[in-house]
Amino acid sequence: MAASALQRSSAGHAAPPAVQALSDAVPRPFWLDDPARPKALPALVGDEYCDLLVVGGGYSGLWTALRAKERDPGRDVVLIEGQETGWAASGRNGGFCAASLTHGWANGHTRWPAELTALEELGHRNLDGIEATLARYGIDCDFERTGEIDVATAPHQVNELKEAAEEAETLGVGGHEFLDRDAVRAEVDSPTFLAGLWNRTGVAMLHPAKLAWGLRRACLEAGVRVYEHTPGTELSSRRAGVAVRTPYGRVFARHVALGTNAFPSLVKRLRPYVAPVYDYALMTEPLTEEQRAAVGWRRRQGLSDSANHFHYFRLTADHRVLWGGYDIVYRYGGGVRAEYDHHPATYQRLAGHFFRCFPQLEGVRFTHTWGGAIDTCSRFSAFFGTAHGGRVAYALGFTGLGVGATRFGADVMLDLLDGERTERTELEMVRSRPLPFPPEPVRSVGIGITQWAMTRADANGGRRNLWLRVMDKAGLGFDS
């Protein structure tokens, strides 16, 4: 949207200050707008042969390729990416790298109570493994293990956070601390904050695109052959393995790992299990020293509020504020298209919410606006499996927590392809699937009703109406 359109309303009057703060923002992801972005690699032309083909150059594919070489340096690995490494969700997210494999321990306890201890342990080991990998390969992605605070901005959420802290202690989920109003505002000062629940060790902040680029470099150094601008268009079985067709050639492999996430799966029967939804974010200019002092935030935690339509926000290495979330936008048919990457109405809404949360930052400008697709599934956490007689593996449906959980998913896919029984493959979480989303038009109608019901619940003290209670009982959900 042009600056003049932002600066003046349709009636000819000056636009609100929150909207004016968007007037200079460029519509592209902040993380990818970086001179350190590596040059694109050539596309595949002709035929390739390998032991393992990885389809997708986001976190899921990059972790799979790297972990495959770490397990067996002699394994011949090829990775193909339809655009450029890290250009999609892996370069557009908020940079929250969580230990949780289950979209929070509460969701994990609801769905797999007998496995919660194991899932929490595996998740923390996975986050430790990510931190160790960054050190081993010298990947500088501004990694900070600061934790995350869930904040209450409505009275009913205070009790919910208190109960969550007590339940976490009862279940042995460590590292969670309840903060009352004064305590949470001593950490990050907003007049909207009424309480907080600080997960001290289970979340790290990082620069998401630099993580993807660092993983790409590590893959190349390990001997992975990476082809960019090479989408996989068709998958078929062959007597000796699997073939994937690309625009200018084919790849013949013994095994294939699919890391396509929000994009239509090459295994068509999996498509009903994922609903691509769009999430949007703003980035501010760097805060001055005085502005930082007005907010506090000395320990640089990630934050999110506790509403159904929630915001997430964090500081970057150069003291900008990323502010995203709230709207969850689904388009009829579930397509993933470039024109969906921007939503000016959401940007304006987010800007207004930002200054409501931090009125002391009045006058701060936004420099970047962007959006991207999230691979939502009905249980909020990834599901796994194989196809084509065990020669193809997949991990899908990370629902916004893929920054960390994709490394775990990579290990699951490799376990399945290698035919290994491990502590991962024995999990009910890994052996089960979520419920699929219904076909159109029922899917769009159902998502629309769910979004309306979630908004109503936020406005009515968190009380979930009959529709949401039925959805909960059926194990169906919709989130980002």
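Rules of the game
- Residues numbered from 1 in each chain as written.
- Predicted model: local features only at pLDDT ≥ 70, side-chain atom pairs only at ≥ 80, totals over all residues.
- Heavy atoms only, no water.
- Pairing = 2+ DSSP bridges.
- Helix = DSSP H or I, 4+ residues; strand = E, 2+ residues; numbered from the N terminus.
- Axes fitted to C-alpha atoms, helices over the stretch in contact; angles between N-to-C directions.
- Contact = heavy atoms within 4.5 Å.
- Right-handed = clockwise from strand over helix to strand, strands pointing away.
- pLDDT = per-residue confidence, 0-100.
- Parallel < 35°, antiparallel > 145°, perpendicular 65-115°, else oblique.
- Nonpolar A, V, L, I, M, F, W, Y, C, P; charged D, E, K, R; others polar.
- Expected span 1.5 Å × (residues − 1).
- Buried < 20%, exposed > 50% of the residue type's maximum accessible area, 1.4 Å probe, protein only.
- Polar contact = N/O pair within 3.5 Å; in protein donor to acceptor, adjacent residues only side chain to side chain.
- Left-handed = near helix turned anticlockwise from the far one by under 90°.
- Core = buried A, V, L, I, M, F, W, Y, C linked by side-chain atoms within 4.5 Å.
- Patch = residues over 30% accessible without salt bridge, like charges linked within 9 Å, V, L, I, M, F, W, Y side chains within 5 Å.
- Areas by Shrake-Rupley, 256 points an atom, 1.4 Å probe, with all protein chains shown as cover.
- Salt bridge = Lys/Arg side-chain N within 4 Å of Asp/Glu carboxyl O.

### Let's talk about the sheet that holds strand 13 (residues 302-305)
Then comes step 1: Strand order in the open sheet formed by eight strands is 5-6-4-13-14-15-12-16, with mixed pairing between adjacent strands. Both outer strands of the open sheet, strand 5 (176-179) and strand 16 (366-376), are each paired with one neighbouring strand and no more. Strand after strand, the sheet turns through a mean of 20° between neighbouring axes, direction not considered.
Then comes step 2: Bridge count for strand 13 against strand 14 (residues 311-315) is two bridges, and the pairing is antiparallel. Following the sheet pairing, Leu303 is matched in strand 14 by Phe313.
Then comes step 3: On the sheet, helix 10 (residues 344-357) packs against strand 12 (275-284), strand 14, strand 15 (321-325) and strand 16 and is oriented at approximately 50° with respect to strand 12.

### Details of the pairing of strand 1 (residues 46-55)
Then comes step 1: For strand 1 and strand 11 (residues 249-258), the ladder comprises nine bridges, and the chain directions are parallel. If you follow Gly46 over to strand 11, its bridge partner there is Gly249.
Then comes step 2: Relative to strand 2 (residues 77-80), strand 1 is paired through four bridges, and the arrangement is parallel. In the sheet register, Val54 faces strand 2, and the bridge partner there is Leu79.
Then comes step 3: With respect to chirality, the unit in which strand 1 leads through helix 3 (residues 59-71) into the neighbouring parallel strand 2 is right-handed.

### Comments concerning the side chain of Arg424
Then comes step 1: Locating Arg424 in the fold gives a position in the loop between helix 11 (402-418) and helix 12 (428-431).
Then comes step 2: When sequence neighbours within four positions are dropped, the list of residues in contact with Arg424 reads Arg71, Phe408, Asp411, Val412, Asp415 and Val430.

### Observations concerning the confidence of the model for the protein
Then comes step 1: The share of residues in the protein with pLDDT of 70 or more is 96%, and the mean pLDDT across the chain is 93.
Then comes step 2: Contacts for the low-pLDDT stretch residues 1-11, under 50 throughout, to residues beyond four places or in other chains number 17 contacts.

### A short note on the packing of helix 5 (residues 116-137) against helix 11
Then comes step 1: Viewed as axis vectors pointing N to C, helix 5 and helix 11 meet at an angle of 100°, and their least axial separation amounts to 9 Å. The angle between the axes of helix 5 and helix 11 places the two elements in the roughly perpendicular class. Of the residues in helix 11, those in contact with Leu122, Asn126, Gly129, Ile130 and Thr133 of helix 5 are Val403, Gly404, Ala405, Arg407 and Phe408.
Then comes step 2: In the contact of helix 5 with helix 11, the residues fall into five nonpolar, four polar and one charged.

### Considerations on helix 5
Then comes step 1: A rise of 1.5 Å per residue sets the reference length of helix 5, with its 22 residues, at 32 Å; its end C-alpha atoms lie 31 Å apart and thus fit the reference within 8%.
Then comes step 2: Listed as buried for helix 5 are Leu116, Leu119, Glu120, Leu122, Gly123, Asn126, Leu127, Gly129, Ile130, Thr133 and Leu134.
Then comes step 3: The first or second residue beyond helix 5 is Gly138, which carries a positive phi of 65°.

### Let's talk about the environment of Asp411
Then comes step 1: Along the polypeptide, Asp411 turns up in helix 11.
Then comes step 2: Within the structure, Asp411 has its side chain in polar contact with the side chain of Arg71 (distance 3.1 Å).

### Focus on the packing of helix 13 (residues 442-459) against helix 14 (residues 466-474)
Then comes step 1: Look at helix 13 against helix 14: their axes get within 9 Å of each other, and the N-to-C directions meet at 115°. When the interaxial angle is binned, helix 13 and helix 14 end up roughly perpendicular. When you trace helix 13 past helix 14, the crossing you get is left-handed. Together, Gly446, Ile449, Thr450, Ala453, Met454 and Ala457 of helix 13 and Trp467, Leu468 and Met471 of helix 14 make up the contact between the two elements.
Then comes step 2: Residues of the contact of helix 13 with helix 14, tallied by class, amount to seven nonpolar, two polar and no charged.

### Regarding the nonpolar core
Then comes step 1: Among the nonpolar cores identified, the biggest contains 47 residues, and Leu52, Leu211, Leu215 and Phe384 are the most heavily contacted of them.
Then comes step 2: Sorting the residues of this core by element identifies strand 1, helix 3, strand 2, helix 5, helix 8 (208-221), strand 18 (392-396), helix 11 and helix 12 as the ones contributing at least two each.
Then comes step 3: At eight residues, helix 11 tops the list of elements feeding residues into this core.
Then comes step 4: Setting aside its immediate chain neighbours within four residues, Leu215 contacts Tyr59, Leu62, Trp63, Leu66 and Ile139.
Then comes step 5: Formed by 36 residues, the second largest nonpolar core is a distinct cluster that contains Tyr278, Trp297, Leu303 and Phe355.

### Examining a nonpolar patch on the surface
Then comes step 1: A cluster of nonpolar side chains, Val445, Ile449, Trp452 and Trp467, forms an exposed patch at the surface whose accessible area comes to about 380 Å².
Then comes step 2: For the nonpolar patch, the element with the most residues is helix 13, which contributes three residues.

### Quick look at the environment of Asp279
Then comes step 1: Here Asp279 shows up in strand 12.
Then comes step 2: Once the C-alpha coordinates of Asp279 and Asp341 are considered, the two residues, 62 residues apart in sequence, prove to be 8.6 Å apart.
Then comes step 3: Among all residues touching Asp279, those that are not within four sequence positions of it are Tyr312, Gly325, Asp327, Trp370, Gly371, Gly372 and Ile374.
Then comes step 4: Among the polar contacts made by the side chain of Asp279, one reaches the side chain of Tyr312 at a distance of 2.4 Å.

### Quick notes on the environment of Phe358
Then comes step 1: One can find Phe358 in the loop between helix 10 and strand 16.
Then comes step 2: According to the relative accessible area criterion, Phe358 is buried, its value standing at 0%.
Then comes step 3: Sequence separation of Phe358 and Leu122 is 236 residues, and the distance between their C-alpha atoms is 37 Å.
Then comes step 4: When residues no more than four places from it in sequence are discounted, the contact partners of Phe358 are Val188, Asp189, Ser190, Val295, Trp297, Phe313 and Trp323.

### What to know about the pattern of salt bridges
Then comes step 1: Applying the stated criterion across every chain yields a total of 30 salt bridges.
Then comes step 2: Across the salt bridge formed by Glu84 and Arg37, the nearest N and O atoms sit 3.6 Å from each other. Taken together, the positions of Glu84 in the loop between strand 2 and strand 3 (96-98) and Arg37 in the loop between helix 2 (17-20) and strand 1 put the pair 47 residues apart, joining distant regions of the chain.
Then comes step 3: Its salt-bridge partner being Arg250, residue Asp47 comes within 2.9 Å of it at the nearest N-O pair. Pair noted here: Asp47 is in strand 1 and Arg250 is in strand 11, with a separation of 203 residues, a long-range link.
Then comes step 4: Residue Arg250 is classed as partly exposed on the basis of its relative accessible area, which comes to 27%.

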